[in-house]
Amino acid sequence: MSPSGTIRALFLAQERNTPMRQVPEARAVEQHGFEGDRHQRRTVGHKRQLLLVDEAQRTALDVPVGALKENVLVEGLALDALPPGQRLALGAEVVVELTEPCVPCWKLDALRPGLLQESWGRRGQLARVLKAGTVREGDSVRLLDVNPDAPRIIRPKLP
């Protein structure tokens, strides 16, 4: 596993059931998510503020960029191998903490029948924003420390 990666793409969720909007940069709000994203959490500390997806997994699933409803598409870092509590630096300012693997949604089968089952354990990691700032396409993604107090969850197994 490489100790660092690169942000390949950034996305904001628009209205329900519409495609994600790719943006060249996004403003991360501490304990809430990306400014302007419809999933930006009003509840401080919610475990699902951002979805980070590994480009290698997206490619293996053979889906278009943004189709997994990711906020951050990361290249060169095996996100699914990282534990809950792993902290990542996104660019020069933003720090996020992984909270748990993203459980696939039934809506994936609308993209391709069977994609829900195929993506089980491969849909990326949910994260919360620990430090606000602006992140841009092409920025680095670096491993930081692991929060020793993060809840350890059982990773979902393939059905």
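All values reported here derive from a predicted model rather than from experimental measurement. (Residues numbered from 1 in each chain as written. Predicted model: local features only at pLDDT ≥ 70, side-chain atom pairs only at ≥ 80, totals over all residues. Heavy atoms only, no water.)

(A) Broad picture of the overall build of the protein chain. Of regular secondary structure, the protein chain possesses three helices and 11 strands. Ordered by position in the sequence, the α and β elements of the protein chain form the string β-β-β-β-β-α-β-β-β-α-α-β-β-β. For the protein chain, whose C-alpha radius of gyration is 14 Å, the value lies close to the compact-globule estimate of 15 Å for 159 residues. The principal-axis extent of the C-alpha atoms belonging to the protein chain is close to 40 × 30 × 30 Å. Residues classed as buried in the protein chain amount to 46% of the 159 residues present. (Helix = DSSP H or I, 4+ residues; strand = E, 2+ residues; numbered from the N terminus. Rg over C-alpha atoms; globule rule 2.2 N^0.38 Å. Buried < 20%, exposed > 50% of the residue type's maximum accessible area, 1.4 Å probe, protein only.)

(B) Spotlight on the side chain of Asn71. By the element assignment, Asn71 lies in the loop between helix H1 (55-61) and strand S6 (72-75). For Asn71, a relative accessible area of 6% corresponds to the buried category. Within the structure, the side chain of Asn71 is placed 3.0 Å from the side chain of Asp37, a separation counted as a polar contact. If we skip the residues at most four places from it in the chain, Asn71 touches Ala9, Leu10, Phe11, Met20, Phe34, Asp37, Gln49, Leu50 and Leu51. (Polar contact = N/O pair within 3.5 Å; in protein donor to acceptor, adjacent residues only side chain to side chain. Contact = heavy atoms within 4.5 Å.)

(C) Molecular detail of the layout of surface pockets. Taken as a whole, the largest pocket spans an internal volume of roughly 610 Å³. Tallying contributions element by element places helix H2 (residues 108-111) first for the lining of the largest pocket, with three residues. Partitioned by chemical class, the residues of the lining of the largest pocket number 12 nonpolar, seven polar and nine charged. (1 Å grid on protein atoms, 1.4 Å probe; cavity = no way out; pocket = protein on both sides within 12 Å on 5 of 7 lines; lining within 4 Å. Points joined across faces, edges and corners; volume = space filled by probe spheres on them. Nonpolar A, V, L, I, M, F, W, Y, C, P; charged D, E, K, R; others polar.)

(D) The arrangement of the nonpolar core in detail. In terms of nonpolar packing, the biggest core is built from 23 residues, with Phe34, Leu52, Leu88, Leu90, Val96 and Val135 touching the most fellow members. At the level of secondary structure, the elements contributing two or more residues to this core comprise strand S1 (4-12), strand S3 (25-29), strand S5 (50-54), S6, strand S7 (86-90), strand S8 (94-101) and strand S9 (125-131). In contact with Val135, not counting residues within four places along its chain, are Ile7, Leu10, Pro24, Glu25, Ala26, Phe34, Leu90 and Val94. Core analysis: the second largest hydrophobic core is formed by 15 residues, Phe11, Ala13, Val53 and Leu73 among them. (Core = buried A, V, L, I, M, F, W, Y, C linked by side-chain atoms within 4.5 Å.)

(E) Quick look at a positive patch on the surface. On the surface, Arg16, Arg38, Lys69 and Lys107 cluster together into a positively charged patch. Residue class for Lys69 comes out partly exposed when judged on its relative accessible area of 36%. (Patch = residues over 30% accessible without salt bridge, like charges linked within 9 Å, V, L, I, M, F, W, Y side chains within 5 Å. Areas by Shrake-Rupley, 256 points an atom, 1.4 Å probe, with all protein chains shown as cover. Salt bridge = Lys/Arg side-chain N within 4 Å of Asp/Glu carboxyl O. Lys, Arg positive; Asp, Glu negative; His and termini not counted. Charge placed at Lys NZ, Arg CZ, Asp CG, Glu CD.)

(F) Broad picture of the sheet that holds S3. Spatially, S4-S3-S10 is the arrangement adopted by the three strands of the open sheet, whose pairing is antiparallel. This sheet does not close on itself; its edge strands, each paired only once, are strand S4 (33-34) and strand S10 (133-136). Pairing of S3 with S10 involves four bridges; the strand directions are antiparallel. Residue pairing in the sheet places Ala28 in a bridge with Gly133 of S10. (Pairing = 2+ DSSP bridges.)

(G) Quick peek at the state of the cysteines. Scanning all chains against the criterion turns up zero disulfides. Looking at the unpaired Cys102, the closest cysteine sulfur is the one in Cys105, lying at 8.5 Å. Its relative accessible area of 26% is what places Cys105 among the partly exposed residues. (Disulfide = S-S within 2.5 Å.)

It is worth stressing that arrangement in space is one thing and function is another; only the former is reported here.
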